[in-house]
Amino acid sequence: TGVVTFDGRPAAEDWFAVNLAEAGSPATKVTRVVFAQGGLFHDGGWFDSSRGKPRIQIQRAADSSWETVGELTDYPATTATNPTGLKSGQTFTLRLPAPVELVALRVIGIPASGDNPAQAFASCGELEAFAE
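Residues numbered from 1 in each chain as written. Predicted model: local features only at pLDDT ≥ 70, side-chain atom pairs only at ≥ 80, totals over all residues. Heavy atoms only, no water.

Colleague: Go over the side chain of Gln37 with me, naming the residues and quoting the values.
Modeller: Locating Gln37 in the fold gives a position in strand β3 (residues 28-37). Not counting residues within four places of it along the chain, the set of residues in contact with Gln37 comprises Gly45, Trp46, Tyr75, Leu86, Lys87, Ser88, Gly89, Gln90, Phe92, Ser123 and Gly125. (Helix = DSSP H or I, 4+ residues; strand = E, 2+ residues; numbered from the N terminus. Contact = heavy atoms within 4.5 Å.)

Colleague: Before we move on, could you go through the environment of Gly109 and cite the residues and values that matter?
Modeller: Structurally, Gly109 can be placed in strand β7 (residues 104-109). Separated by 95 residues in the primary sequence, Gly109 and Asp14 place their C-alpha atoms 5.8 Å from one another. Beyond its immediate stretch of four places on either side in the chain, Gly109 contacts Ala12, Glu13, Asp14, Phe47 and Pro54.

Colleague: Please set out the sheet that holds β3 residue by residue, giving values where relevant.
Modeller: Taken together, the four strands give an open sheet; going across it, the order is β1-β8-β3-β6, and neighbouring strands pair in antiparallel fashion. Bordering the open sheet on either side are β1 (3-4) and β6 (91-102), each of which pairs with just one other strand. Bridge count for β1 against strand β8 (residues 123-130) is two bridges, and the pairing is antiparallel. Opposite Val3, over in β8, you have Cys124 as the bridge partner. (Pairing = 2+ DSSP bridges.)

Colleague: Before we move on, can you summarise the nonpolar core with the specific residues and values?
Modeller: By size, the foremost hydrophobic cluster in this structure holds 22 residues, and its most contacted members are Phe35, Phe47, Leu72, Tyr75, Val107 and Leu127. Looking at this core, the elements with two or more residues in it are β3, β4 (55-59), β6, β7 and β8. Top contributing element to this core by residue count: β6, with five residues. (Core = buried A, V, L, I, M, F, W, Y, C linked by side-chain atoms within 4.5 Å. Buried < 20%, exposed > 50% of the residue type's maximum accessible area, 1.4 Å probe, protein only.)

Colleague: Account for the environment of Gly114, with residues named and values stated.
Modeller: Among the structural elements, Gly114 can be located in the loop between β7 and β8. In this structure Gly114 comes out as buried when scored by relative accessible area, which is 7%. In the structure, Gly114 is positioned 31 residues away from Pro83 in sequence and 8.2 Å away in space, judged by C-alpha atoms. Not counting residues up to four positions away in its chain, the partners in contact with Gly114 are His42, Asp43, Gly44, Trp46, Ala80 and Thr81.

So this is what it looks like as structure tokens:
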């Protein structure tokens, strides 16, 4: 299943998050995060990487601040109006240099507008975290 942030309005950033632990549960150790691109539409659905690649952020504890741990460097050089060869379902991986304990993670970036500059949105097919 996929999800989009489409609401007919522009946005400075959009994100997709996953909570990995219930309140009071111990943190999960993660060494790899995978983002699968969601649907692509004439009016957006991807991240505009011309001003920075999508970033992976974590929360180390419930209600803690989001902390950037890396970016999806293999995400293509897209713009607000052109997905530049990006395909629905294409995956992008962040490998962390050491295990990180977290309770939530998200991918965050600048949404694209496609052929409608009055709005912008992103889409996500999957967001996964792995211990290995």
